[in-house]
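This is what each chain is made of:
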Amino acid sequence: MGTNLPANPELLPGTLYLLILRTLRSGPLHGYAIAKRIKEASEQGLDIEDGSLYPSLNRMLVKGWLVAEWGISENNRKARFYRLTPEGRKQLAHETDEFDRLVRAIQRVMRTA
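Rules and cut-offs
Each chain has its residues counted from 1, following the order in which its sequence is written. Local features in a predicted model are, by the rule used here, given only for residues with pLDDT of at least 70; side-chain atom pairs are given and counted only at 80 or more, and totals for whole chains, interfaces and linings are based on all residues. Excluded from the side-chain calculations are hydrogens and water; all other atoms, namely the structure's heavy atoms, are used. The pairing criterion is simple: DSSP has to find at least two bridges between the two strands. Secondary structure elements are taken from DSSP: a helix is a run of H or I of four residues or more, a strand is a run of E of two residues or more, and numbering for both begins at the N terminus. Throughout, a residue-residue contact means that at least one pair of heavy atoms, one from each residue, lies within 4.5 Å. Note on definitions: angles span 0 to 180 degrees between N-to-C directions of axes, and those axes are lines fitted to C-alpha atoms, for helices only across the stretch in contact. Each residue's exposure class comes from its accessible area (1.4 Å probe, protein chains only) as a fraction of the maximum for that residue type: buried when under 20%, exposed when over 50%, partly exposed otherwise. Working definition: a ring pair exists when centres of Phe, Tyr or Trp rings (six-membered ring for Trp) sit within 6.5 Å. Plane angles under 30 degrees give stacked, over 60 give edge-to-face, the rest tilted. In this scheme, Lys NZ or Arg CZ marks a charge over a ring once it lies within 6 Å of the ring centre and within 35 degrees of the ring normal. Salt bridges are identified by distance alone: a Lys or Arg side-chain nitrogen within 4 Å of an Asp or Glu carboxyl oxygen. Confidence of the predictor at the level of single residues is captured by pLDDT, which takes values from 0 to 100. We define a nonpolar core as any set of buried Ala, Val, Leu, Ile, Met, Phe, Trp, Tyr and Cys residues linked to one another through side-chain atoms lying within 4.5 Å.

Time to look at the sheet that holds strand S2 (residues 66–72). Strands sit in the order S1-S3-S2 across an open sheet of three strands; the sheet is antiparallel. A strand with exactly one partner marks an edge of an open sheet, and here the two such strands are strand S1 (29–30) and S2. In the sheet, S2 pairs with strand S3 (residues 78–84) via seven bridges, with the strands oriented antiparallel. Of the residues in S3, the one forming a bridge with Val67 is Arg83. Along the sheet face, helix H1 (residues 15–24) touches S1, S2 and S3 and points at about 95° away from the line of S3.

As structure tokens, then:
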């Protein structure tokens, strides 16, 4: 499936939270693994930069959507692993609903005139 996406498309506001929450739904990951999984799942269409990822992770920790603990990564380095909290799972459902509403609204506009 070919795509013509720019190298770094702009994400809609709040979309990064949704992508991170969805990525962590299957279990804890460290920051690099989160970015890598998003890039792979998007077929290289989304490249989340550190300058966006880590501030978002920190805001999500403050909001109580994630918890973090130190561990050892697959390449034997110390890394901070992020995990969804029950509040984070609720937020994922909310963010998914909001995103679906936004997509439907954009599709309605695209079908007019």
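So that's the structure; there's more coming.
Our next topic: the side chain of Ser56. Relative to the assigned elements, Ser56 resides in helix H3 (residues 50–63). Classification of Ser56 by relative accessible area gives buried; the value is 4%. Setting aside anything within four residues of it in sequence, one finds Ser56 in contact with Leu16, Tyr17 and Ile20.

Further remarks concern the packing of aromatic side chains. On inspection of all chains with the given rule, the structure shows one aromatic pair. Residues Tyr17 and Trp65 carry aromatic rings whose centres are separated by 5.4 Å and whose planes lie at 90° to one another, so their mutual orientation is edge-to-face. Pair noted here: Tyr17 is in helix H1 and Trp65 is in the loop between H3 and S2, with a separation of 48 residues, a long-range link. Like Trp65, Tyr17 is buried. Over the face of the ring belonging to Trp70 we find Lys78, whose NZ or CZ atom lies 5.1 Å from the ring centre.

Right, let's get into the pattern of salt bridges. For the structure on display, the rule yields two salt bridges. The partner of Asp47 in a salt bridge is Lys39, and the shortest N-O contact between them spans 3.9 Å. Glu98 is the salt-bridge partner of Arg101, the closest N and O atoms lying 2.6 Å from each other. Here Arg101 pairs with Glu98, and both are found in helix H4 (residues 86–110), just three residues apart, close to one helical turn. By relative accessible area, Arg101 is classed as partly exposed at 42%. For Glu98, a relative accessible area of 35% gives the class partly exposed.

Confidence along the chain averages 89 in pLDDT terms, with 88% of residues attaining 70 or more. Note that pLDDT drops below 50 for residues 1–7; the model gives that stretch five contacts with residues more than four away or on any other chain.

Looking now at the nonpolar core. Counting 21 residues, the largest nonpolar core has Ile20, Leu24, Ile34 and Leu66 as its most contacted members. When residues of this core are traced back to their parent elements, those giving at least two are H1, helix H2 (31–41), H3 and S3. The leading source of residues in this core is H1, at six residues. Dropping the residues within four chain positions of it, Leu24 is found in contact with Leu29, Ile34, Leu66, Tyr82 and Leu84.

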